[in-house]
Amino acid sequence: KAGVTQTPRYLIKTRGQQVTLSCSPISGHRSVSWYQQTPGQGLQFLFEYFSETQRNKGNFPGRFSGRQFSNSRSEMNVSTLELGDSALYLCASSYGQVGTGELFFGEGSRLTVL
Amino acid sequence: AQTVTQSQPEMSVQEAETVTLSCTYDTSESDYYLFWYKQPPSRQMILVIRQEAYKQQNATENRFSVNFQKAAKSFSLKISDSQLGDAAMYFCAYKGTGNQFYFGTGTSLTVIP
């Protein structure tokens, strides 16, 4: 079974640009979550999608948005990039059921904003 | 909101020795799950061990075990017979009755040969 796939793995943008990151979950998983990982801050929750609906949202500005498609693939978009947006963006998928719901992570997309 | 605290940013251990990573959490829920995830350098994060709060018995997975103290809201990870491959960032995580996970800031573990 293929794991969680994130693309692109690395990207460099300049301030003011926008970026779109993609995540393909494990087959059969209906929940996709996104996290921002920075040194010292750990993983900060961005949002979670389940069956194309945003089910939870973290405390990030509106520049951060996401969506999920009918095949459970998800994208997140960051508009008007700032230097502080430089981070590793992790996607995680799960079956999405209430309960133990283990998360399966992708390798992440490392974004550098210059 | 739930919070997860890992007070040890960095830890080191001699190969074959035992190390304990600390984690505390704050919640008003009675039913929840706790996890330890491992993130090796430049590799994806994987689940090490999980604990259901309703279970009094501490979870174990081979060389990995936890000390779950529900009243103290403490969830430490013990790694026995440490190996070079255990070197990684370790994250403690909490999941309540909802579907959102809360992660600590991580502990970077170095294994000294």
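Please refer to the structure higher up on the page.
Rules of the game
- Residues numbered from 1 in each chain as written.
- Chains lettered and ligands numbered in written order.
- Predicted model: local features only at pLDDT ≥ 70, side-chain atom pairs only at ≥ 80, totals over all residues.
- Heavy atoms only, no water.
- Helix = DSSP H or I, 4+ residues; strand = E, 2+ residues; numbered from the N terminus.
- Rg over C-alpha atoms; globule rule 2.2 N^0.38 Å.
- Buried < 20%, exposed > 50% of the residue type's maximum accessible area, 1.4 Å probe, protein only.
- Pairing = 2+ DSSP bridges.
- Axes fitted to C-alpha atoms, helices over the stretch in contact; angles between N-to-C directions.
- Disulfide = S-S within 2.5 Å.

A. Spatial organisation of the overall build of chain A. Helix and strand counts for chain A stand at zero helices and 11 strands. Its helices and strands in sequence order give chain A the pattern β-β-β-β-β-β-β-β-β-β-β, from N to C terminus. A globule of 114 residues ought to have a C-alpha radius of gyration of about 13 Å, and chain A, at 13 Å, matches this closely. Considering only C-alpha atoms, chain A reaches an extent of 40 × 30 × 25 Å along its principal axes.

B. Region of the structure containing the overall build of chain B. Within chain B, the secondary structure is distributed over zero helices and 12 strands. Starting at the N terminus and ending at the C terminus, chain B contains elements arranged as β-β-β-β-β-β-β-β-β-β-β-β. Relative to its length of 113 residues, chain B is compact, with a C-alpha radius of gyration of 13 Å against a globular reference of 13 Å. With the principal axes as the frame, chain B shows a C-alpha extent of 40 × 30 × 20 Å. Residue burial in chain B is summarised as follows: out of 113 residues, 49% are buried.

C. The arrangement of the sheet that holds strand β7 (residues 64–68) of chain A in detail. All names here are of chain A. The sheet built from four strands is open, its strands ordered β1-β3-β8-β7 with antiparallel pairing. Across the chains shown, the open sheet's two edge strands, defined by having one partner strand only, are β1 (5–7) and β7. Neighbour to neighbour, the strand axes of the sheet diverge by 15° on average, direction disregarded. The pairing of β1 with strand β3 (residues 19–24) spans three bridges and is classified as antiparallel. Looking across to β3, one finds that Gln6 is bridged to Cys23.

D. Here's a closer look at the pairing of strand β6 (residues 46–52) of chain B. Pairing between strand β5 (residues 33–39) of chain B and β6(B): six bridges, direction antiparallel. Within the sheet, the bridge partner assigned to Lys38(B) lies in β6(B) and is Ile46(B).

E. Geometry of the state of the cysteines. A full pass over the atoms with the stated rule returns two disulfides over all chains. With a sulfur-sulfur separation of 1.8 Å, Cys23(A) is cross-linked through a disulfide to Cys91(A). Of note, the bridge from Cys23(A) to Cys91(A) carries an S-S torsion of about -60° and is left-handed in sense. Here the residue Cys23(A) occupies a position in strand β3, and Cys91(A) occupies one in strand β9 (residues 87–94), the gap between them amounting to 68 residues. With its sulfur 2.0 Å from that of its partner, Cys23(B) forms a disulfide with Cys92(B). Taking the sign of the S-S torsion, about -70° here, the bridge from Cys23(B) to Cys92(B) comes out left-handed. Of the two residues, Cys23(B) sits in the loop between β3 (19–21) and β4 (24–26) while Cys92(B) sits in strand β10 (residues 88–95), which places them 69 residues apart along the sequence. The exposure class of Cys92(B) is buried, given its relative accessible area of 1%.

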